[in-house]
Amino acid sequence: LVSLKDYVSRLKPNQTAIYYFNCEDAAKAATSPQLEGFRARDVEVLLLSDPVDSFWVRTALGFEGKPLRSVTQGAADLDQIPLKSEAKPDGADNAAIATLIAAMKQSLGRSVKDVRRSKRLTDSPVCLVASEDCLDRTLERLLARQKTCGVDVSAPVLEVNPGHPLISALASKAKAGGAIGDIEEASWLLLDQAHILDGAP
């Protein structure tokens, strides 16, 4: 357990928010791909596993001028926080990655709200996050289980890691005009994998 006062006393240079991860199982959440970019910068993330936390953080105003920010919602604002060790260049071909992302969006259709490059992934090929205008994914699942709330689980954002060998290989294939069927199949496999990593049964 950690107090917000202790957390704020250990903020990293240029860190402007208190990061948290709403989760149903803290042990599983600790290995989540959404935490990779934060771990690479040695940024603390609060693992909030009590269901009431999902509601509390939506109304909390922050602490000592630092807002509370979910690591599974919106874009990761990690660019200004230095890495623990010097970053290895991802060697990604930007044009190829853009082509792959467009192909994945087309393949996955309404199953995802968007497909985009990730700033939070360092090791995993993909992860799921909620868009800025949606509820946190854990809160949304909690409300969806309560049939009277009228909340459905919305389509997630699929983030891809351009530095991962699998994504890089798919991007090269997409840029070369490779078999659309292969890219479509890989897109669905990656989405399924991301759902499993996100805790789906």
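Since the structure is predicted, the reported quantities are computational estimates derived from the model, not experimental observations.

Chemist: Is there a simple way to explain the sheet that holds strand β6 (residues 157-160) in this structure?
Modeler: Reading across the sheet, the three strands line up as β4-β6-β5 and stay open at both edges, with mixed pairing between neighbours. Each edge of the open sheet is held by one strand with a lone partner, namely β4 (114-117) and β5 (126-129). When strand polarity is set aside, the average angle formed by the axes of neighbouring strands in this sheet is 30°. Across four bridges, the pairing between β4 and β6 is parallel. Looking at the pairing, R117 lines up with V160 of β6. Packing against the sheet, helix α5 (residues 94-108) makes contact with β4 and β6, and its axis sits at approximately 165° to β4.

Chemist: Would you take a moment to explain the packing of α5 against helix α8 (residues 180-197) for this structure?
Modeler: Two numbers describe a pair of packed helices, the interaxial angle and the distance between the axes. Where α5 contacts α8, the axes come no closer than 9 Å and their chain directions differ by 75°. On the basis of the axis angle, α5 is roughly perpendicular to α8. Contacts between α5 and α8 pair L100, A103, M104, S107 and L108 from the former with I183, E184, S187, W188, L190 and L191 from the latter. Of the residues in the contact of α5 with α8, the class split is eight nonpolar, two polar and one charged.

Chemist: I'm lost on the sheet that holds strand β2 (residues 46-48) in this one. Help?
Modeler: Sheets are built from strands paired through backbone hydrogen bonds, the pairs being either parallel or antiparallel. Ordered by their spatial adjacency, three strands build an open sheet running β2-β1-β3, and the pairing between neighbours is parallel. Each edge of the open sheet is held by one strand with a lone partner, namely β2 and β3 (68-70). When the angles between neighbouring strand axes are averaged without regard to direction, this sheet yields 40°. Judged from the three bridges that link them, strand β1 (residues 18-22) and β3 form a sheet pairing that is parallel. Residue pairing for β3: Y20 is matched across the bridge by S70. Docked against the sheet, helix α4 (residues 51-59) engages β1, β2 and β3, running at close to 145° with respect to β1.

Criteria and cut-off values
Residues numbered from 1 in each chain as written. Predicted model: local features only at pLDDT ≥ 70, side-chain atom pairs only at ≥ 80, totals over all residues. Heavy atoms only, no water. Pairing = 2+ DSSP bridges. Helix = DSSP H or I, 4+ residues; strand = E, 2+ residues; numbered from the N terminus. Axes fitted to C-alpha atoms, helices over the stretch in contact; angles between N-to-C directions. Contact = heavy atoms within 4.5 Å. Parallel < 35°, antiparallel > 145°, perpendicular 65-115°, else oblique. Nonpolar A, V, L, I, M, F, W, Y, C, P; charged D, E, K, R; others polar.

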